[in-house]
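# Tertiary structure, described
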Amino acid sequence: MAQVVCIANQKGGVGKTTTAVNLSASLAVAEKKTLLIDIDPQGNATSGCGAQREEASQSIYPALIDQVPLKDLLRDTELNFLKIIPSNIDLIGAEVELVPFPDRELRLKNALKEIKREFDFLIIDCPPSLGLLTVNSLTAADSVLIPLQCEYYPMEGLSQLLKTVGLIKIRLNPELKILGILLTMFDKRNNISHQVSEEVRKHFGSLVFNTVIPRNVRLSESPSFGKPIILYDAGSRGAESYLDLAKEILSREG
């Protein structure tokens, strides 16, 4: 049965999609059957894996709105153990379209039931907001991974996200846990990176991953080539850090 991991942070630009794409690829390299679900209307995880943003009928959209089976939406990637369900700009309207449904928070959870046994990991890339798409993702997930950029403002917004996770646990998904907080865009030359790291580790202790994702030029370049960093430059610090993250998660999950 797959572990469902939601990558979430309502703050944009913190490395959420970068983490979703490269963690998925790193798990696939470890020969774990992995499915990346792009539920962000921007579709950056889709293009970051080299997939095209297709018509709405070829994205996650019909699974949420019309309950089309997810197995009909799976797309292959360059990695044998990694598949993706793409996103599409039509997802922008899904937030409004879902409102009348009595099970609006459960649409993704219900859709995942049919394919969970086919994978080891389902990784969900959420939009940078706390709307219905993110609520669906948190409700469907076993755990949430929170990327946190090593700067002051992202740290300030962490409390709101944790509050939302707490509400989801109470009302919709009692089994939801925090897989970990991942420090991203760490620049060892920058004092604020060290200060944020120390502050977050002091407050959250073992919830913070040992792995830290550095600022890395090759990591920034890889999405423009439609490749995870492991396929773009496997020897880069960015690739090594995401492989380390995958190892740490596999260790935590037994």
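Quantities reported herein were computed from a predicted structural model and do not represent experimental measurements.

It is worth spelling out helix α11 (residues 237–252) at this point. Its 16 residues give α11 an end-to-end C-alpha distance of 22 Å, which sits within 8% of 22 Å, the value for a rise of 1.5 Å per residue. All buried positions along α11 are accounted for by G238, A239, S241, Y242, L245, A246, E248 and I249.

At E31, a residue that is not glycine, the phi angle is positive and equals roughly 65°. Its place among the elements puts E31 in the loop between α1 (16–29) and β2 (34–38). Phi is positive for Q67, which is not a glycine, with a value near 60°. By secondary structure assignment, the location of Q67 is in the loop between α3 (61–65) and β3 (75–76). The class for Q67 is exposed, based on a relative accessible area of 52%.

Over its 20 residues, helix α7 (residues 152–171) runs 30 Å from end to end, which matches the ideal 28 Å to within 8%, given 1.5 Å per residue. A bend of about 30° at L158 is the largest found in α7. Along α7, the positions that sit buried rather than exposed are P154, L158, L161, T164, V165 and I168. The secondary structure elements touched by the buried residues of α7 are α6 (132–140), β6 (143–149), β7 (177–186) and α8 (191–204).

Attention shifts here to the pattern of salt bridges. Taken as a whole and judged by the stated rule, the model has 12 salt bridges. In this structure, D233 and R218 form a salt bridge, with 2.9 Å as the shortest nitrogen-oxygen distance. Taken together, the residues span a long stretch of sequence, with D233 in the loop between α10 (229–232) and α11 and R218 in helix α9 (residues 217–221) at a distance of 15 residues. For D233, a relative accessible area of 21% translates into the label partly exposed. A single network of salt bridges, built from pairs that share partners, joins K16, D40 and D125.

It is worth spelling out the sheet that holds strand β8 (residues 208–214) at this point. Spatially, 8 strands are ordered β3-β4-β2-β5-β1-β6-β7-β8 in an open sheet, and the strand pairing comes out mixed. With partners counted over all chains shown, the strands left at the sheet margins are β3 and β8, one partner each. Pairing analysis gives 2 bridges linking β3 to strand β4 (residues 82–85), with the strands arranged antiparallel. Directly across from R75, in β4, lies its bridge partner I84. Each of β6 and β7 touches α7; the most contacted strand, β6, lies at about 165° to it.

Our focus in this paragraph is the environment of V99. Relative to the assigned elements, V99 resides in the loop between α4 (91–97) and α5 (107–112). Once the C-alpha coordinates of V99 and L132 are considered, the two residues, 33 residues apart in sequence, prove to be 8.4 Å apart. Those residues in contact with V99 that sit more than four places away from it in its chain are R104 and L132.

So, about the nonpolar core. The biggest cluster of nonpolar side chains holds 47 residues, and the ones touching the most others in it are I60, L64, L70, L108, L112 and I124. Per-element accounting of this core gives the leading share, 5 residues, to α6. In this structure L64 touches I39, L91, L98, R107, L108 and L133, once residues within four positions along its chain are discounted. V21, A25, L27 and I84 belong to the second largest nonpolar core, which has 30 residues in total.

Strand residues, when the strand is regular, have side chains that alternate between the two faces of the sheet. Taking burial as the measure, the 5 residues of β2 include 5 buried ones, the bulk of the element. Judged by which residues are buried, β2 turns out to be covered on both faces: T34, L36 and D38 on one side and L35 and I37 on the other are all buried. Note that β2 and β4 share 4 bridges and pair parallel. Directly across from T34, in β4, lies its bridge partner L82. Sheet topology places β2 next to strand β5 (residues 121–125); 5 bridges connect them, and they run parallel. Looking across to β5, one finds that D38 is bridged to D125.

Moving on, we come to the packing of aromatic side chains. Tallied over the entire structure, the rule returns 1 aromatic pair. The side chain of R107 reaches across the aromatic face of F101, ending 4.1 Å from its centre.

The subject of this paragraph is the confidence of the model for the chain. Per-chain confidence: the chain averages 92 in pLDDT, with 97% of residues scoring 70 or above. Of all helices and strands in the chain, the one with the weakest mean pLDDT is α7 (86), whereas β5 scores best (98).

Parameters at a glance
Residues numbered from 1 in each chain as written. Predicted model: local features only at pLDDT ≥ 70, side-chain atom pairs only at ≥ 80, totals over all residues. Heavy atoms only, no water. Helix = DSSP H or I, 4+ residues; strand = E, 2+ residues; numbered from the N terminus. Expected span 1.5 Å × (residues − 1). Buried < 20%, exposed > 50% of the residue type's maximum accessible area, 1.4 Å probe, protein only. Bend = angle between axes of the 7 residues up to and from the residue. Contact = heavy atoms within 4.5 Å. Salt bridge = Lys/Arg side-chain N within 4 Å of Asp/Glu carboxyl O. Pairing = 2+ DSSP bridges. Axes fitted to C-alpha atoms, helices over the stretch in contact; angles between N-to-C directions. Core = buried A, V, L, I, M, F, W, Y, C linked by side-chain atoms within 4.5 Å. Phe/Tyr/Trp six-rings, centres within 6.5 Å; stacked < 30°, edge-to-face > 60°. Lys NZ or Arg CZ within 6 Å of the ring centre and 35° of its normal. pLDDT = per-residue confidence, 0-100.

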